[in-house]
Amino acid sequence: MLTDYEAKSEFDENFKYSRDYWAPFQKDAQVYTLAASGYTWSDDERKELIKIGREPLEFNIIRRPLQFFSGYLRDNINQIVYAPVEGSDQLTADQFTKLSYYIWDKGQGYPEFLDASDEAFKSGISLCGIQMDYSKDFVNGDISFYKRTYNSFYLDPTFEKIDLRDCGFGITRDLIGKQYAKQLMPFIDPKAIDELSQGFRDDKFMQYHPEFTTFSRNRKLVAYDQYYRRTTRRRKFLVDMKSSYYRDITDLPEDELDRLKMGITRFDRMKQDPDFDEEDIPNIEIRDIERDYVELNIFLNGERLYCGEDKTGITHTYPFVPLICYMEPSIWMPSQRIQGIPSCTWSLQRQFNKRHMKIIDMMDSDISTGFKYLLGSVPDPTEMQQSGQNKLIGIDPENAPQGLDSVQQLQGGGANPALVEYQQILDQLSLTLSNVNESTLGIDEKGNTQVSGRLAQVRIAQGLRGNRKIFDNIETAQQVLGGLILKTIQNHYPPGKVERILAEQPSDQFYDQ
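Just so it is clear, the model here is predicted, and its values are computed rather than measured.

Draft legend 1. Layout of the overall build of the protein. Counting its regular elements, the protein contains 14 helices and 13 strands. Expressed as a percentage of its 513 residues, the buried residues of the protein come to 40%. As presented, the protein carries roughly 28,300 Å² of accessible surface, and 49% of it is formed by carbon and sulfur atoms.

Draft legend 2. Highlighting the pattern of salt bridges. Per the stated rule, a full pass over the model turns up 28 salt bridges. Ionic pairing is found between Arg-19 and Asp-20, a salt bridge with its closest N-O pair at 3.8 Å. With relative accessibility at 53%, the residue Asp-20 sits in the exposed group. Ionic pairing is found between Asp-142 and Lys-497, a salt bridge with its closest N-O pair at 2.8 Å.

Draft legend 3. Highlighting helix H1 (residues 4–36). The sharpest bend along H1 reaches about 50° and sits at Trp-22, with the proline Pro-24 one to four residues further on. Positioned one or two residues after H1, Gly-38 has a phi angle of 95°, which is positive.

Draft legend 4. Quick peek at the packing of helix H5 (residues 109–123) against helix H13 (residues 468–492). Across the interface, H5 lies against H13 with an axial gap of 12 Å and an inter-helix angle of 145°. As for how H5 packs across H13, the hand of that crossing is right-handed. Judged by residue contacts, Tyr-110, Phe-113, Ser-117 and Phe-121 of H5 engage Ile-470, Ile-474, Ala-477, Gln-478 and Leu-481 from H13. Residues of the contact of H5 with H13, tallied by class, amount to 7 nonpolar, 2 polar and no charged.

Draft legend 5. Structural view of the pairing of strand S4 (residues 169–177). Among the 9 residues in S4, 7 count as buried, and that is most of the element. Note: strand S3 (residues 153–155) against S4, 3 bridges, orientation antiparallel. Residue Leu-155 lies in a different strand from S4, and its bridge partner there is Gly-170. Relative to strand S5 (residues 221–240), S4 runs antiparallel, the two sharing 9 bridges.

Draft legend 6. View of a negative patch on the surface. A contiguous patch of negative charge, built from Asp-277, Glu-278, Glu-279 and Asp-280, is present on the exposed surface. One can find Asp-277 in the loop between helix H8 (254–272) and strand S7 (284–300). Assessed through its relative accessible area of 46%, Asp-277 is described here as partly exposed.

Draft legend 7. Quick look at the packing of aromatic side chains. Applying the stated criterion across every chain yields a total of 28 aromatic pairs. Seen in terms of ring centroids, Tyr-17 and Phe-169 are 6.4 Å apart; in terms of plane orientation they differ by 55°. Their pairing is tilted. With Tyr-17 in helix H1 and Phe-169 in strand S4, the pair connects residues that are 152 residues apart, well separated along the chain. Ring pairs connect the aromatic residues Tyr-21, Trp-22, Phe-25, Tyr-150 and Trp-332, which therefore count as one cluster. Lying across the ring of Tyr-39, Arg-46 places its NZ or CZ 4.3 Å from the centre. For the cation-ring pair, Lys-497 lies above Tyr-493, with the distance from its terminal atom to the ring centre recorded as 4.2 Å.

Draft legend 8. Broad picture of the side chain of Arg-229. Relative to the helices and strands, Arg-229 resides in strand S5. The buried category is assigned to Arg-229, whose relative accessible area is 14%. Looking at Arg-229, its side chain comes within polar contact range of the side chain of Glu-10, at 2.7 Å. If we skip the residues at most four places from it in the chain, Arg-229 touches Leu-2, Glu-10, Gly-168, Phe-169, Tyr-293, Val-294, Glu-295 and Asn-297.

Draft legend 9. Up close: the sheet that holds strand S1 (residues 125–133). Reading across from one edge, S2-S1-S9 is the order of the 3 strands in this open sheet, with antiparallel pairing throughout. In this open sheet, the two strands that pair with only one neighbour each are strand S2 (142–148) and strand S9 (320–324). In this sheet, adjacent strand axes meet at a mean angle of 25° when their direction is disregarded. As paired elements, S1 and S2 share 7 bridges and run antiparallel to each other. Note on S2: the bridge partner recorded for Gly-129 is Tyr-146. Against the sheet, H5 engages S1, S2 and S9, with an angle of about 160° to S1.

Draft legend 10. Region of interest: the packing of helix H4 (residues 90–106) against H13. Close contact between H4 and H13 brings their axes to 11 Å; oriented N to C, the two are set at 105°. As far as their axial angle goes, H13 and H4 are roughly perpendicular. For the pair formed by H4 and H13, the contact residues are Phe-96, Leu-99, Ile-103 and Trp-104 on the first element and Gln-478, Leu-481, Ile-485, Leu-486, Ile-489 and Gln-490 on the second. Residues of the contact of H4 with H13, tallied by class, amount to 8 nonpolar, 2 polar and no charged.

The rules we used
Residues numbered from 1 in each chain as written. Predicted model: local features only at pLDDT ≥ 70, side-chain atom pairs only at ≥ 80, totals over all residues. Heavy atoms only, no water. Helix = DSSP H or I, 4+ residues; strand = E, 2+ residues; numbered from the N terminus. Buried < 20%, exposed > 50% of the residue type's maximum accessible area, 1.4 Å probe, protein only. Areas by Shrake-Rupley, 256 points an atom, 1.4 Å probe, with all protein chains shown as cover. Salt bridge = Lys/Arg side-chain N within 4 Å of Asp/Glu carboxyl O. Bend = angle between axes of the 7 residues up to and from the residue. Axes fitted to C-alpha atoms, helices over the stretch in contact; angles between N-to-C directions. Left-handed = near helix turned anticlockwise from the far one by under 90°. Contact = heavy atoms within 4.5 Å. Nonpolar A, V, L, I, M, F, W, Y, C, P; charged D, E, K, R; others polar. Pairing = 2+ DSSP bridges. Patch = residues over 30% accessible without salt bridge, like charges linked within 9 Å, V, L, I, M, F, W, Y side chains within 5 Å. Lys, Arg positive; Asp, Glu negative; His and termini not counted. Charge placed at Lys NZ, Arg CZ, Asp CG, Glu CD. Phe/Tyr/Trp six-rings, centres within 6.5 Å; stacked < 30°, edge-to-face > 60°. Lys NZ or Arg CZ within 6 Å of the ring centre and 35° of its normal. Polar contact = N/O pair within 3.5 Å; in protein donor to acceptor, adjacent residues only side chain to side chain. Parallel < 35°, antiparallel > 145°, perpendicular 65-115°, else oblique.

Here it is as structure tokens:
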């Protein structure tokens, strides 16, 4: 275990390393996320357009494919179902499935997971994880869900797997009140939180929390940092050499370990006795093995107050999972390695808005054109500046040798038909670049509105094959999250709590790891 100074130094070093690497990605992700909300022009571009009297129009054509993906996922979100494996019984699997339904419902699992998916569609990546909520059950806690946007966490830049088995560290930050910090960490002495240094400030997560620059003005807030680091620890296992079954016995009392060793010694003596058949004697060993271990370090205002296991009891991996839209592990450039759907359509939306502004300029020039007239032919020239309908312009016949032709209206050029047609092409491209077309939306290509519901569903399913990778990533993340929930249930839901929820006793294999 690292000392407080060593842990703080490693935390700062890994933060700078990941921040410098992910900075280009976060910059682009911010642009794409803003574009998805209908904010395509930069502040400087807006000022220049307003300066020359042009309105910076924003037509959000990115939101349409994003909402399609979001709506389709909400209509087709999977439920976690556990199946028996390696000799487990169906009763135990059914009990875990029922508990999973209960946890996803009471812990707001589906809203958080779907919102995290929406964030991944926009920026390219987000996190969805589980934590223990002690607000109701202050003894064992309840499983609750949370999400994190792209700019509120850092992962090891070398990770490639959705289950994070190749991720060396993870860093998150929250800006919370002291009372909430005490609620999150009932295992920490409240006096230690009350005695935290005041006026703390640093340069971490400035994009997500720009208010950190004036952080010292609010003394009730604290910076809540979680630093997860992957390492190993030596564990003691009881191993059946015939079946490869093993059990962690590190935490067993010394007297039980001694009895196990005595039993193994007795088996060894029986193997040497010719009266016993060696095949009938269990082949059991005790081995010390280095196992993966994810250590959690919690820093409040830069001071480490906790080091150990995550309170979910998950030690072999992280208590969260990344939701990824597009990822190219072979590309080391962070801005191209992970991308969301708007990365394909951001340039198109800018061109769409630029061309539409030009069309409006042409239409305005046609509407706002004036008149040309012979000097003196109109007694009151201000009459030619009238707006609206029923304009009345008086012409003096004595000073108008050409009669009514002495006053002629100036005609604008009008909108270019080719430009209008190009706008329609751009609008269709907003769907094409997102691998969405009218068939995917359930619309008949020939404009036939009389289409059966079954046929529309088939067309949608076939059209989504081009985006199957996105939904595979989401499903994989949900499966990994389901495994984390199962582990946490075994760690924090005692038999009495399970019986209260299911109205039945947990099975004999319920707590087998």
